[in-house]
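# Analysis of the macromolecular model
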Amino acid sequence: YTRGTVTAFSPFDARADAEALRKAMKGMGTDEETVLKILTSRSNAQRQEIASAFKTLFGRDLVDDLKSELTGKFETLMVSLMRPTYIFDAHALKHAIKGAGTNEKVLTEILASRTPAEVRNIKQVYLQEYEANLEDKITGETSGYFQRLLVVLLQANRDPDGSVDEGLVEQDAQVLFRAGELKWGTDEEKFITILGTRSVSHLRRVFDKYMTISGFQIEETIDRETSGDLEKLLLAVVKCIRSVPAYFAETLYYSMKGAGTDDDTLIRVMVSRSEIDLLDIRQEFRKNFAKSLHQMIQKDTSGDYRKALLLLCGGDDE
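Rules and cut-offs
- Numbering of residues starts from 1 in every chain and runs along the sequence as written.
- Selection of residues for local features in this predicted model requires a pLDDT of at least 70, selection of side-chain atom pairs for listing and counting requires 80 or more, and totals for whole chains, interfaces and linings are taken over all residues.
- Calculation of side-chain values draws on the structure's entire complement of heavy atoms; hydrogens and water are dropped beforehand.
- Under the scheme used here, helices are H or I runs from DSSP no shorter than 4 residues and strands are E runs no shorter than 2 residues, and both carry numbers assigned from the N terminus.
- Under the scheme applied here, a residue whose accessible area is under 20% of the maximum for its type counts as buried, over 50% as exposed, and between as partly exposed, the area being computed with a 1.4 Å probe on protein chains only.
- Polar contact is the term for a pair of N or O atoms within 3.5 Å; when the atoms are in protein, one must be able to donate a hydrogen and the other to accept it, and sequence-neighboring residues count only if both atoms are side-chain atoms.
- For this analysis, a salt bridge means a side-chain nitrogen from Lys or Arg found within 4 Å of a carboxyl oxygen belonging to Asp or Glu.
- Inter-axis angles, ranging from 0 to 180 degrees, are taken between N-to-C directions of lines fitted to C-alpha atoms, where helices are fitted over the stretch in contact.
- Between 65 and 115 degrees an angle is taken as roughly perpendicular, under 35 as roughly parallel, over 145 as roughly antiparallel, and anywhere else as oblique.
- Here, residues are in contact when the closest pair of their heavy atoms is within 4.5 Å.
- Domain start and stop points were drawn from an automatic or database domain assignment.
- Using a 1.4 Å probe, buried area is obtained as the accessible area two parts lose upon being combined, added over both of them.

## A closer look at the environment of S243
Locating S243 in the fold gives a position in the loop between α15 (228-242) and α16 (244-256). We classify S243 as buried; its relative accessible area is 17%. Sequence spacing of S243 and L77 is 166 residues, and the spatial spacing of their C-alpha atoms is 26 Å. A polar contact is formed between the side chain of S243 and the backbone nitrogen of A246, at a distance of 3.0 Å.

## Section: the pattern of salt bridges
Applying the stated criterion across every chain yields a total of 24 salt bridges. Its salt-bridge partner being K37, residue E33 comes within 3.1 Å of it at the nearest N-O pair. You can see E33 and its partner K37 sitting in helix α2 (residues 32-40), 4 residues apart, about one turn around the helix. The partly exposed category is assigned to E33, whose relative accessible area is 29%. Residue classification places K37 among the partly exposed residues on the basis of a relative accessible area of 45%. Through salt bridges with shared partners, one network takes in E33, K37, D304 and K307.

## Considerations on the packing of helix α14 (residues 218-225) against α15
Where α14 meets α15, the closest approach of the two axes is 9 Å, and the angle between their N-to-C directions is 175°. As summarised for this structure, α14 and α15 are arranged roughly antiparallel, according to the angle between their axes. On α15, the residues that touch I218, E219, I222 and D223 of α14 are E231, L234, L235, V238 and R242.

## Observations regarding the domain arrangement of the protein
Assigned domains within the protein: domain 1 (14-82), domain 2 (86-155), domain 3 (166-242) and domain 4 (244-313). Just the C-alpha atoms count here: the centres of domain 2 and domain 3 sit 23 Å apart. Here domain 2 meets domain 3 over a buried area of about 1100 Å², counting both sides, of which 82% is carbon and sulfur. When the area that domain 2 buries against domain 3 is broken down by residue, the three leading residues are Y145, F146 and L149, summing to 47%. Summed over the shared surface of domain 2 and domain 3, the number is 1 salt bridge. With a closest N to O distance of 3.1 Å, R148 and E189 form a salt bridge. Counting across the interface, domain 2 meets domain 3 through 1 residue pair in polar contact (both at pLDDT 80 or more).

The structure is reproduced here in structure tokens:
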């Protein structure tokens, strides 16, 4: 992963950073500027070292101090930056299936976009950290074909990319065409199996072939033939097969478009992709939405929260 906007800071001095943060939060009032500048310009691994140095030097928990000194969305963003990378997705999923109502949007975004290796890791971390089986938790809170596709994705057994067999491409495209456009009602199971298990390069060819056979983009068919949470999940899977950065560019765009901002999504995507592919996401954003991610954050947010997000964004694409 070298397409992130955040990389390891050099020369790095965890103790000096810890001291600067303590000074910024000590006494009356907080120097938010120092906090956000340090935390957005260090890698996640370095932030963990700072937290450890902070405890060593002052006997205090950095995250607890951030929570007591900061407020609102800015606090949420800083605390999210401090969450260890390996636990980030597991934590987001835990909170998506906790208490009243399930946040299907989070389940969809994470399980549609992560690689099989990442999903296996999430399941393992979930079990270690929360002493619970992620699949059991998700099946307990979801139902129907939406649940079935989530379970397929949770198996993390998508075919690895290899040579593409054109005969099988043709066959899958025909099966999808018959299961959707040609059928009274929809055979959702066929969509779930093919979209959930075939390799990425195979599916990209299937989508092209599908367009040739049917005259429709697969997204149009899914839109017409399915609805609700299943439709959103199928569309997310298709978009991620086509391009993960394009999927996240769209996710960020809709988190800010129109009245009100979906800050939880904005924060989750900016933080989780900042060391992976945020440069690619920015590129797709500029290409698809006639403005840059930087410009949209600038327009849609304010205060220290905006400053920190713009630093994570790491530049404008004119």
